[in-house]
There are 2 protein chains.
Amino acid sequence: MSDTPIRLLKGTLDVLILRTLGWGPAHGYAISRWIRQSSGDDLQIEEGALYPALRRLEEKGWVASRWETSESGRDARVYVLTEVGRRAMRSEVAAWQRYVAVFARVLDARPRGSIA
Amino acid sequence: MSDTPIRLLKGTLDVLILRTLGWGPAHGYAISRWIRQSSGDDLQIEEGALYPALRRLEEKGWVASRWETSESGRDARVYVLTEVGRRAMRSEVAAWQRYVAVFARVLDARPRGSIA
DNA sequence: GCGCATACATAAGACAGTTATGTATGACGC
DNA sequence: GCGTCATACATAACTGTCTTATGTATGCGC
């Protein structure tokens, strides 16, 4: 879709991960792939952002992880949303939508007269 | 509108300032007040974020500033959008809207089958 | 065997917020 | 005149989350 990859705004990655894990357990690489694909290749999640983010979410108790070996014999750390995490996902998505709405208010507002 | 003030996402303040200055020259305090009011009191711009941001924008050549004394006798540094700044405003607003759209794609995407 | 996609991890650095603090003046009530 | 509030600017210290760079290792196809 895009020419230059979009840079993530700081603080916006967690909600993407939570939403992704809301569809079911996944390992890091699969989360990254899903975000990239579902964004139409506009968002590329760097590993340096992804893995620390997953750690943070685990420390908060929003996700849990376990090592698993796939049928093909590859090891991967699989993440699952906890119950708390599922609630957090809903509230984080709502918070994002509020943020977008507030921004729209400011960007669409028209002053009567001068600002200053 | 809200109980707890919304925390600004890093990297999102500049476009608010640019959009505000797009309505005409204003000093820092007035910019802050306009953003707060037009957001319905949801966004409170901290001085510690505002003034460094205005410096950055000036260094980029997107705004210019001059000291002025109002009729009431108060000094204030008044900022104006440059021509480059006006183009930047449009492109930054568009970039924000693209970001919102990309996010919506990910948040609304539904997998067929499992992610992993 | 080689290259590529897969899979994880972490260190160093940048950047832009928050928090706290400081200065100073005008307006208003008492 | 004095206290208090809104106005107006500024900066230092801190924090968190991203980018960039680097490293390890394995499965699969050719």
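Since the structure is predicted, the reported quantities are computational estimates derived from the model, not experimental observations.

With respect to the relation of the copies chain A and chain B
Mapping chain A onto chain B calls for a screw motion: a turn of 180 degrees about the axis and a shift of 0.0 Å along it, with 0.1 Å RMSD after fitting. Given the turn and translation reported, the copies of this chain are related as if by a two-fold rotation axis. Nearest to the rotation axis, the C-alpha of K10 of chain A is located 2.8 Å from it, this being the minimum over chain A. Taken as a fraction of all interface residues of chain A, those also at the interface in chain B reach 100%, which identifies the copy contact as same-surface.

Quick notes on the pattern of salt bridges
Residue and element names in this part refer to chain A. This model, assessed by the stated rule, comprises 8 salt bridges over all chains. Salt-bridge contacts for D14 lead to R56; the nearest nitrogen and oxygen are separated by 3.2 Å. Of this pair, D14 sits in helix α1 (residues 13–21) while R56 sits in helix α3 (residues 47–59), and the two are 42 residues apart along the sequence. Look at D14 and you get buried, because its relative accessible area is 11%.

Thoughts on the nonpolar core
In this structure, I17 and W96 of chain A together with I17 and W96 of chain B are the most contacted members of the largest nonpolar core, which totals 70 residues. Excluding residues within four positions of it along the chain, I17 of chain B makes contact with I31, I35, L50, A53, L54 and L57 of chain B.

Digging into the interface of chain A and chain B
Buried accessible area, meaning the area lost when the parts come together, often serves as the stated size of an interface. Taken together, the contact pairs 39 residues of chain A with 39 residues of chain B. Summing both sides of the interface, chain A and chain B together bury roughly 3800 Å²; the carbon and sulfur share of this comes to 77%. For chain A, the biggest contributors to the area lost against chain B are Y99, L107 and I115 of chain A; these three give 19% of the whole. Summed over the shared surface of chain A and chain B, the result is 2 salt bridges. Notably, a salt bridge pairs D42 of chain A with R105 of chain B, separated by 2.7 Å at the nearest N-O pair.

A closer look at the protein's contact with DNA strand C
Close contacts around DNA strand C come from 29 residues, with K10, Y29 and R74 of chain A together with G11 and R74 of chain B the closest. Here DNA strand C approaches the protein such that, of its atoms within 4 Å, sugar and phosphate make up 71%. One nitrogen or oxygen atom from the side chain of R33 of chain A is found 3.3 Å from a phosphate oxygen belonging to DNA strand C. Contacts to DNA strand C include Y51 of chain A, whose side-chain N or O atom sits 3.2 Å from a phosphate oxygen. Broken down by secondary-structure element, the contributors of at least two residues to the surface near DNA strand C are α2 (28–38), α3 and β3 (75–81) of chain A together with α3 (47–59) of chain B. For the surface near DNA strand C, the per-class residue count stands at 9 nonpolar, 8 polar and 12 charged.

Topic: α3 of chain B
All names here are of chain B. In this model α3 runs 18 Å from its N-terminal to its C-terminal C-alpha over 13 residues, within 8% of the 18 Å that 1.5 Å per residue would give. Turning to α3, its buried residues are L50, A53, L54 and L57. Viewed along the axis of α3, the buried residues span an arc of 100 degrees, placing them on a single side of the element. Residues of α3 that are exposed and angled more than 90 degrees away from the buried face: G48, R55 and E59. Among the structural elements, α1 (13–21), α2 (28–38), β2 (63–69) and β3 (75–81) are those in contact with the buried residues of α3. With its phi angle positive at about 85 degrees, G61 sits one or two positions after the end of α3.

Observations concerning the pairing of β2 of chain B
A regular strand carries its side chains on alternate faces of the sheet. All names here are of chain B. For β2 and β3, the ladder comprises 7 bridges, and the chain directions are antiparallel. Bridge assignment links E68 to a residue of β3, and that residue is A76. Where β2 folds back on β3, the antiparallel hairpin that results is connected by 5 residues, among which G73 adopts a positive phi of roughly 95 degrees.

Rules used in this analysis
Residues numbered from 1 in each chain as written. Chains lettered and ligands numbered in written order. Predicted model: local features only at pLDDT ≥ 70, side-chain atom pairs only at ≥ 80, totals over all residues. Heavy atoms only, no water. Least-squares fit on C-alpha atoms with pLDDT ≥ 70 in both. Contact = heavy atoms within 4.5 Å. Salt bridge = Lys/Arg side-chain N within 4 Å of Asp/Glu carboxyl O. Helix = DSSP H or I, 4+ residues; strand = E, 2+ residues; numbered from the N terminus. Buried < 20%, exposed > 50% of the residue type's maximum accessible area, 1.4 Å probe, protein only. Core = buried A, V, L, I, M, F, W, Y, C linked by side-chain atoms within 4.5 Å. Buried area = accessible area lost by both parts, 1.4 Å probe. Near = heavy atom within 4 Å. Polar contact = N/O pair within 3.5 Å; in protein donor to acceptor, adjacent residues only side chain to side chain. Nonpolar A, V, L, I, M, F, W, Y, C, P; charged D, E, K, R; others polar. Expected span 1.5 Å × (residues − 1). Arc of directions from axis to C-beta. Pairing = 2+ DSSP bridges.

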